[in-house]
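One letter stands for each residue in the lines below.
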Amino acid sequence: MSYAGIFSLLGGVGLFLFGMSIMSSGLKNACGDNLQTILEKATKNKFIAVFVGLGMTMLIQSSSATDVMVIGFVNSGMMTLAQAIGVIMGANIGTTITAQITAFNISTFTPLLLCGGAVLYLFVKNNFIKHVGSIIMGFGMLFQGITIMKAAIAPLSESPAFVAFMSHMNNPFLAFVFGIAFTALLQSSSSSIVIFQAFAIQSLISYDMAVYLIIGAAIGSVTPNLLAGLTANRNGKRSAILNLVFNLVRAGIIVALITVFPQILTFIQNLSPNDIGRQIANTHTIFAIIAVAIELFFTKQIIGLVYKIIPLQPEETKAEEERNLVYMTQFSRVPTGVALHQALLEITRMGHIAVENLECAIGCFFSYESSKAEDVRGREETVNYLNHAITDAIVKLRDADLSTENLKRLSMLTIAITDIERISDHAENIVEYAEQLRSKRVEMSKAANEELKHMAHDTVEALHLALDIFSTEDYTKLDDIEYLETQVDEQEKTLINSHIERLMNSECEPLAGVIFSDLVTDFERCSDHAINLAYALKERTAA
């Protein structure tokens, strides 16, 4: 193959991938947040989840994008692995649609698609129409890329060296490994299958060879998900491993089936006897459907295997327990007074978790450990989960026939939830400050650390006292928390003045100074939240 041919092939691959990306982005933008909403809500049943994953991947033409979204939901605690596995299985079927589409030869209409899409994208102001234009343009790029690839690959059939190289792929194991490596390199099974179709059409590979390339491609396609899982928490990593395990089991199932029942391959070929491109597309789709149909009944075992690879740690078990409502489980079936008390207990529990998170973040700031930072972020997710769960429960309680007094109390409880959630937000801020100092190799001065520790102590003490007042409604302790809040306010002024003096004397690095000021502000705001929490229900009592 000449240099021009190589460049043409690479250009075709690049145009195909870019077209896929443009089409995917256009579809996601056209749909807005609906895709994520559907993905989050419609996964309670694993069978429905399969169709959700299939439909979404057909729309955005990227199983990797769907799987990365799933990793994000699992990472944030909004989706369990049991819910995620159905979507992942559906995505593995949905991604085969690309090969079905590209098996059609519509190269004659490609220039029209490119022109029409460009006109809509460039000259129409309506955002939705612009997104539709980018979809059409991406579709045209995709097929134009295939046309260029086919033209570039054609001369390879006359190249002895390339033919000799591809002849080694007649070994099923080598073809399987090549399929994994090639797809991992492209990070897209859709792209690699299309290229295998082009090879087959030019008689560079046989159908039997393509079968094992397809099996390998399914495993190679999980590369983007594994990379996305690197930055996720342990549950997010499990989601990425789940996809890998599914595809490894899928490969084992398919190899076993075609070995024992080779008639399966004959049946697939007979569906399109004179069209090897369509045969490859059908093989890709049918293999995915067979694997999902079998593995769907063994999801518990697959998830169990994932947990053996990445076992649950004690703090994760604790987090799972904390993310369940403890007191508001039967609130709709109990008298209103009992339901309100259950809400109070649930919010108090959330408050203790938030304050614990702040204490952990403070410890992380003064003695940084990555595990502590991860604990803070995990606990912040728990607080966010409880925030939504308790608020949703309270909203349902509002539908009951409540007295004016109870409605007022319910509103006060809702406001208290917001204060508690903000406390945990400040905890996350504190961890970020610690990471900034660590990444820039900057340290606080000894005097600054001592001042911050003293202010942190008073802030945490105020928060514990506030939760005590909130939960017991014992307002005899209000003077104590007012005193602590005043102390924290005075410390804010004193510490900022000390900080300015250190800056003027060049005793403090600029970054450390900025973080010092931000941290002081965070402590002062936490103290304000403590006062809000202590007085949250007092108005009702006074009335």
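Each remark here, short or long, concerns the structure printed above.
Rules used throughout
Residues numbered from 1 in each chain as written. Predicted model: local features only at pLDDT ≥ 70, side-chain atom pairs only at ≥ 80, totals over all residues. Heavy atoms only, no water. Helix = DSSP H or I, 4+ residues; strand = E, 2+ residues; numbered from the N terminus. Buried < 20%, exposed > 50% of the residue type's maximum accessible area, 1.4 Å probe, protein only. Contact = heavy atoms within 4.5 Å. Areas by Shrake-Rupley, 256 points an atom, 1.4 Å probe, with all protein chains shown as cover. Patch = residues over 30% accessible without salt bridge, like charges linked within 9 Å, V, L, I, M, F, W, Y side chains within 5 Å. Salt bridge = Lys/Arg side-chain N within 4 Å of Asp/Glu carboxyl O. Core = buried A, V, L, I, M, F, W, Y, C linked by side-chain atoms within 4.5 Å. Axes fitted to C-alpha atoms, helices over the stretch in contact; angles between N-to-C directions. Parallel < 35°, antiparallel > 145°, perpendicular 65-115°, else oblique. Left-handed = near helix turned anticlockwise from the far one by under 90°. Nonpolar A, V, L, I, M, F, W, Y, C, P; charged D, E, K, R; others polar. Phe/Tyr/Trp six-rings, centres within 6.5 Å; stacked < 30°, edge-to-face > 60°. Lys NZ or Arg CZ within 6 Å of the ring centre and 35° of its normal. Expected span 1.5 Å × (residues − 1). Disulfide = S-S within 2.5 Å.

With that settled, consider the overall build of the protein chain. In terms of helices and strands, the protein chain carries 25 helices and zero strands. Within the protein chain, buried positions represent 49% of all 543 residues. Across the protein chain, every contact between residues at least 6 apart in sequence was considered, and the portion connecting residues at least 24 apart equals 79%. For the protein chain, the accessible area works out to roughly 25,000 Å², and carbon and sulfur atoms hold 60% of it.

Moving on: a nonpolar patch on the surface. Residues Y3, I6, F7 and L10 make up a contiguous nonpolar surface patch of roughly 490 Å² in combined accessible area. In this fold, I6 is placed in helix α1 (residues 3–31). The partly exposed category is assigned to I6, whose relative accessible area is 33%.

Counting 72 residues, the largest nonpolar core has L358, F365, L413, M444, F470 and I481 as the members making the most contacts within it. Every element with two or more residues in this core is listed here: α19 (336–366), α20 (370–398), α21 (404–439), α22 (446–472), α23 (478–504) and α24 (510–534). By residue number, the principal contributor to this core is α19, which donates 15 residues.

This paragraph deals with the environment of S134. Mapped onto the elements, S134 comes out in helix α8 (residues 127–153). Judged by its relative accessible area of 8%, S134 is buried. Sequence separation between S134 and L122 is twelve residues, and the spatial gap between their C-alpha atoms is 9.3 Å.

Within the structure shown, the criterion is met by five salt bridges. Across the pair R377 and E435 runs a salt bridge whose closest N-O atoms are separated by 2.8 Å. Pair noted here: R377 is in helix α20 and E435 is in helix α21, with a separation of 58 residues, a long-range link. For E435, a relative accessible area of 25% corresponds to the partly exposed category. Between E473 and R409 there is a salt bridge, with its nearest N and O atoms 2.8 Å apart. With E473 in the loop between α22 and α23 and R409 in helix α21, this residue pair connects regions lying 64 residues apart in the sequence. What makes E473 partly exposed here is its relative accessible area of 22%. The class of R409 is buried, set by a relative accessible area of 7%.

At their nearest, the axes of α19 and α21 sit 9 Å apart, and the two run at 15 degrees to each other. Classified by the angle between their axes, α19 and α21 sit roughly parallel to one another. Here α19 runs over α21; the crossing is left-handed. Residue classes in the contact of α19 with α21 are distributed as 22 nonpolar, five polar and two charged.

Two aromatic rings, taken as a pair, are described by how far apart their centres are and by the angle between their planes. Applying the stated criterion across every chain yields a total of three aromatic pairs. Taken together, a centroid distance of 5.6 Å and an interplanar angle of 35 degrees make the contact between F182 and F196 tilted. One end of the pair, F182, is in helix α10 (residues 172–186); the other, F196, is in helix α11 (residues 189–201), and 14 residues separate them in sequence. For F196, a relative accessible area of 0% corresponds to the buried category. Taking the centre distance of 5.2 Å and the plane angle of 90 degrees together, the rings of F365 and F366 count as edge-to-face. Residue F365 is classed as buried on the basis of its relative accessible area, which comes to 9%. The rings of F178, F182 and F196 are connected pair by pair, giving a single aromatic cluster. Its guanidinium or amino end placed over the ring of Y121, K130 lies 4.9 Å from that ring's centre, counting from NZ or CZ.

An ideal rise of 1.5 Å per residue puts 39 Å on 27 residues; α23 measures up with 39 Å between its terminal C-alpha atoms. Taken from the residues just after α23, S506 is the one with a positive phi, measuring 60 degrees.

For the rest of this paragraph, the subject is the state of the cysteines. If you walk through the whole model with that rule in mind, you get zero disulfides. With no disulfide of its own, C364 has C360 as its nearest cysteine by sulfur position, at a separation of 6.7 Å.

So, on to unusual backbone geometry. The backbone phi angle of R441 is positive, close to 55 degrees, even though this residue is not glycine. In this fold, R441 is placed in the loop between α21 and α22. Despite not being glycine, E473 has its phi angle at roughly 55 degrees, a positive value.

Attention now goes to the packing of α20 against α21. Packed helix pairs are characterised by how far apart their axes lie and by the angle those axes make with each other. Running from N to C, α20 and α21 point in directions that differ by 165 degrees, and their axes come no closer than 10 Å. With respect to their mutual orientation, α20 and α21 come out roughly antiparallel. α20 and α21 meet at a crossing whose hand is left-handed.

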